[in-house]
There are 2 protein chains.
Amino acid sequence: MTIETVSSNKSYGGIQGVYRHKSKETGMEMTFSVFVPPFDDGARLPVVWYLSGLTCTHANVTEKGEFRRVCAERGLIFVAPDTSPRGDGVPDDPAGAYDFGSGAGFYVDATQEPFARHYRMWSYVTMELPDIVGANFPADMSRQSIMGHSMGGHGALTIGLTFPGRFKAISAFSPIVAPSQVPWGRKALAGYLGDDRALWRRHDAVALIEDGARAADLLIDQGDADAFLAEQLRPDLFEAACRAAGQPLTLRLRAGYDHSYYFISTFMDEHLLWHAARLEEYC
Amino acid sequence: MTIETVSSNKSYGGIQGVYRHKSKETGMEMTFSVFVPPFDDGARLPVVWYLSGLTCTHANVTEKGEFRRVCAERGLIFVAPDTSPRGDGVPDDPAGAYDFGSGAGFYVDATQEPFARHYRMWSYVTMELPDIVGANFPADMSRQSIMGHSMGGHGALTIGLTFPGRFKAISAFSPIVAPSQVPWGRKALAGYLGDDRALWRRHDAVALIEDGARAADLLIDQGDADAFLAEQLRPDLFEAACRAAGQPLTLRLRAGYDHSYYFISTFMDEHLLWHAARLEEYC
């Protein structure tokens, strides 16, 4: 579990680092970023996971997410993994599309060839990387929360709903909530998981709620000027599933906001404070 | 003075826009960004100018500067110009170096060939672009302030000290304060201005102070782990010049911080609040 420091910059009194390691799950070198706020000797801090969207790496939120101020004030470690394996020998979308393959791992363990060997982002994000974070940073792994954007919002919801005891808070910006029912998701789930619809349901937040998964509460922000809202994101489907199931959900439609980091950064503070309140309950 | 909207994104309740126009000064299409915070109908808001450093465009601070939250709260328009002319026919550094030519206009009007036609960033930033901002945005041009980073800190100081009545606040992150005395500056001033040392002094903050320029006060933040500190930035020279001249200066050395936007974003709030206090005095 050796990790290599790619870069380390002081920011808001803490350290914004970028790290690289050889992943057993994906079989490739993986890069991720971690912000560690200022902390007292011996302290262990709660961990917020941020999963990124299509085409992104760790770098997008690290540069544009505007999360460090509140993380520094509230003592939160912020971890941003990559969105897929990358490098020589990793198969990509045959047509080079942005919504499958490189940058589009969809937080599943692929069962289909030629993707099954490397596309193991579910196990990477839920098992391998948490071990690395716990071993290399002043992290209290009994206090974790998870958030994400778009495809990463899908990941945050499906992972959070699968491990509700692990994550004290779950939130998303403009998430893909029903991949089984929208073009991005159908392409990805078919490509990585084949036609095993039972397996699809484990990677679909609406289906998880329908099948009985629950969390204490959920927070979603969605811009109403988001170009992907009606076709790909469909928060209405998640709202209906949560209402039918009695799952608490705060879904906020934000007038005039789009799908970009200009939207995410605007509401990052509110999400982090929502996470902090729930993580601090467990201190 | 027609400007074209390249992009427009809602953020923090306002609009982060990127705009393009044909510049008379530089003879090229120039791109700049403007954040307009939420405002009441008919309001005119103060304008903060941010000048960027070597290799940068408007985009670096627009994406990484973390200025929008405070600008939205305090009602500040934030303008970020490019750092040089760009495009076919614009001469660049003969060796392709990063510290001269494209991305390195140094906020001067070049007198030397082949740069004199296009490299007119002084007049562009102090005359042409202010007219465009005043005509196209809800800007109160009687309330302006200026800040910048590195080469842009040089620009902020030299422009601010040249027009102390125009700029109600002047601040800089890790500025080049004595270009006549450091490698980056000597190369740029010689290349753009030839050997006219009297002209160099008008583009050297230390020399301007020595020659009698004054501002009400000045604020500089500088990381003490900045790799360029000792050779290129030399805040000690500026501090000595200000002390000798009785020019008020707040210079803060920030332990552990480097030259990056991780440093700038950490202290952006403090600079903007310092500007806001001085701009609001003139309401």
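Residues numbered from 1 in each chain as written. Chains lettered and ligands numbered in written order. Predicted model: local features only at pLDDT ≥ 70, side-chain atom pairs only at ≥ 80, totals over all residues. Heavy atoms only, no water.

Some remarks on the overall build of chain A
Right, on to step 1. Of the regular secondary structure elements, chain A holds 10 helices and 9 strands.
Right, on to step 2. Rg of the C-alpha trace for chain A: 17 Å, near the compact-globule value of 19 Å for 283 residues, within the 12% margin.
Right, on to step 3. Viewed in the frame of its principal axes, chain A has a C-alpha envelope of about 50 × 45 × 35 Å.
Right, on to step 4. Here chain A holds 283 residues, and the buried ones make up 63% of them.
Right, on to step 5. Taking the contacts inside chain A whose residues are at least 6 apart along the sequence as the reference set, 72% of them involve residues at least 24 apart.
Right, on to step 6. Per element, the accessible surface of chain A, about 10,000 Å² overall, is 49% carbon and sulfur.
Right, on to step 7. Each charge sign in chain A was given a centre, from 26 positive and 35 negative side chains, and these centres are 3 Å apart. (Helix = DSSP H or I, 4+ residues; strand = E, 2+ residues; numbered from the N terminus. Rg over C-alpha atoms; globule rule 2.2 N^0.38 Å. Buried < 20%, exposed > 50% of the residue type's maximum accessible area, 1.4 Å probe, protein only. Contact = heavy atoms within 4.5 Å. Areas by Shrake-Rupley, 256 points an atom, 1.4 Å probe, with all protein chains shown as cover. Lys, Arg positive; Asp, Glu negative; His and termini not counted. Charge placed at Lys NZ, Arg CZ, Asp CG, Glu CD.)

Describing the sheet that holds strand E1 (residues 4–11) of chain B
Right, on to step 1. Across the sheet, which stays open at both edges, the 9 strands sit in the order E1-E2-E3-E5-E4-E6-E7-E8-E9 (chain B) with mixed pairing between neighbours. With one partner strand each, in any of the chains shown, E1 and strand E9 (250–254) of chain B form the two edges of the open sheet. With strand direction ignored, the average angle separating the axes of adjacent strands in the sheet is 20°.
Right, on to step 2. Note: strand E7 (residues 167–173) of chain B against strand E8 (residues 219–223) of chain B, 3 bridges, orientation parallel. When the sheet's bridge partners are listed, Phe173(B) is paired in E8(B) with Asp221(B).
Right, on to step 3. Sheet contacts for helix H10 (residues 261–280) of chain A: E1 and strand E2 (14–22) of chain B; angle to E1(B), the most-contacted strand, approximately 25°.
Right, on to step 4. Across the sheet, helix H10 (residues 261–280) of chain B is in contact with strand E4 (45–51), strand E5 (77–80), strand E6 (139–149), E7, E8 and E9 of chain B; its angle to E7(B) comes to roughly 165°. (Pairing = 2+ DSSP bridges. Axes fitted to C-alpha atoms, helices over the stretch in contact; angles between N-to-C directions.)

Notes on the environment of Glu280(A)
Residue and element names in this part refer to chain A.
Right, on to step 1. As for its position among the elements, Glu280 is in helix H10.
Right, on to step 2. What makes Glu280 partly exposed here is its relative accessible area of 31%.
Right, on to step 3. C-alpha separation for the pair Glu280 and Phe67, spaced 213 residues apart in sequence, amounts to 18 Å.

Here we look at the sheet that holds strand E8 (residues 219–223) of chain A
Right, on to step 1. One open sheet holds the 9 strands; their spatial order is E1-E2-E3-E5-E4-E6-E7-E8-E9 (chain A), and the pairing between them is mixed. Edge positions in the sheet fall to strand E1 (4–11) and strand E9 (250–254) of chain A, since each of these pairs with one other strand and no more. Neighbour-to-neighbour, the strand axes of this sheet turn through a mean angle of 20°, independent of strand direction.
Right, on to step 2. Along the sheet, helix H4 (residues 151–162) of chain A contacts strand E4 (45–51), strand E6 (139–149), strand E7 (167–173) and E8 of chain A; its crossing angle with E6(A), the most-contacted strand, is approximately 140°.
Right, on to step 3. H10(B) rests against E1 and strand E2 (14–22) of chain A of the sheet, and its axis sits at about 25° to E1(A).

Thoughts on the pattern of salt bridges
Right, on to step 1. If you walk through the whole model with that rule in mind, you get 40 salt bridges over all chains.
Right, on to step 2. Linking Lys187(A) and Asp93(A) is a salt bridge whose minimum nitrogen-to-oxygen distance equals 3.2 Å. With a gap of 94 residues between them, Lys187(A) in helix H5 (residues 183–193) and Asp93(A) in the loop between strand E5 (77–80) and helix H3 (121–136) connect regions that are remote in the sequence.
Right, on to step 3. Its relative accessible area of 32% is what places Lys187(A) among the partly exposed residues.
Right, on to step 4. With relative accessibility at 8%, the residue Asp93(A) sits in the buried group.
Right, on to step 5. Of the charged contacts in the structure, one is a salt bridge between Asp211(B) and Arg201(B), with a shortest N-O distance of 2.9 Å. In this pair, Asp211(B) sits in the loop between helix H7 (205–210) and E8 while Arg201(B) sits in helix H6 (residues 197–201), placing the two residues 10 residues apart along the sequence. (Salt bridge = Lys/Arg side-chain N within 4 Å of Asp/Glu carboxyl O.)

Some words on the relation of the copies chain B and chain A
Right, on to step 1. Mapping chain B onto chain A calls for a rotation angle of 180° and an axial translation of 0.0 Å; the resulting RMSD is 0.0 Å. What the superposition gives is, in effect, a two-fold axis relating one chain to the other. Relative to the rotation axis, the C-alpha of Lys64(B) is the closest in chain B, positioned 2.8 Å from it.
Right, on to step 2. Looking at chain B, 100% of its interface residues are interface residues in chain A too, so the copies touch through the same face. (Least-squares fit on C-alpha atoms with pLDDT ≥ 70 in both.)

A word on the UniProt feature "active site" (unreviewed entry) in chain A
All names here are of chain A.
Right, on to step 1. UniProt's feature table lists "active site" (unreviewed entry) at Ser150, Asp226 and His259, given in the numbering used throughout. In summary, the annotated positions, though distributed over 110 residues, converge in three dimensions, the widest C-alpha pair being only 10.8 Å.
Right, on to step 2. Of note, Ser150 is situated in the loop between E6 and H4.
Right, on to step 3. Classification of Ser150 by relative accessible area gives buried; the value is 2%. (UniProt positions renumbered as here; feature names shortened; annotations may be inferred.)

Re the state of the cysteines
Residues and elements named next belong to chain A.
Right, on to step 1. Taken as a whole, this structure holds 0 disulfides over all chains when the rule is applied.
Right, on to step 2. Cys56 carries a free sulfur, and the closest cysteine sulfur to it, the one in Cys71, is 18 Å from it.
Right, on to step 3. The exposure class assigned to Cys56 is buried, which follows from its relative accessible area of 7%. (Disulfide = S-S within 2.5 Å.)

Some details on the packing of helix H3 (residues 121–136) of chain B against helix H4 (residues 151–162) of chain B
Residue and element names in this part refer to chain B.
Right, on to step 1. The contact between H3 and H4 brings their axes to 12 Å, and the two run at 55°. When the axes of H3 and H4 are compared, the pair comes out oblique. Crossing handedness for the pair H3 and H4: right-handed. Residues Trp122, Val125 and Thr126 of H3 lie in contact with H4, whose contacting residues are Thr158, Ile159 and Thr162. (Parallel < 35°, antiparallel > 145°, perpendicular 65-115°, else oblique. Left-handed = near helix turned anticlockwise from the far one by under 90°.)

Some remarks on the interface of chain B and chain A
Right, on to step 1. Taken together, the contact between chain B and chain A spans 22 residues of the former and 22 residues of the latter.
Right, on to step 2. Of the roughly 2,100 Å² buried at the junction of chain B and chain A (both faces included), carbon and sulfur atoms supply 44%.
Right, on to step 3. Sorting the residues of chain B by area buried against chain A places Lys10(B), Glu66(B) and Tyr262(B) first, and these three jointly supply 35% of that buried surface.
Right, on to step 4. The tally of links from chain B across to chain A stands at 2 salt bridges.
Right, on to step 5. The shortest N-O distance in the salt bridge between Glu66(A) and Arg68(B) comes to 3.5 Å.
Right, on to step 6. Scanning the region where chain B abuts chain A turns up 17 residue pairs in polar contact (both at pLDDT 80 or more).
Right, on to step 7. By residue number, the principal contributor to the side of chain B that touches chain A is H10(B), which donates 5 residues.
Right, on to step 8. Of the residues belonging to the side of chain B that touches chain A, the class tally is 5 nonpolar, 9 polar and 8 charged. (Buried area = accessible area lost by both parts, 1.4 Å probe. Polar contact = N/O pair within 3.5 Å; in protein donor to acceptor, adjacent residues only side chain to side chain. Nonpolar A, V, L, I, M, F, W, Y, C, P; charged D, E, K, R; others polar.)

Some details on helix H9 (residues 235–245) of chain B
Residues and elements named next belong to chain B.
Right, on to step 1. Turning to H9, its buried residues are Pro235, Leu237, Phe238, Ala241 and Cys242. With its buried residues spanning 155° around the axis, H9 presents them on a single face. Of the residues in H9, the exposed ones pointing more than 90 degrees away from the buried face are Arg243 and Ala244.
Right, on to step 2. Along its buried surface, H9 packs onto H4, H7, E8, helix H8 (229–233) and E9. (Arc of directions from axis to C-beta.)

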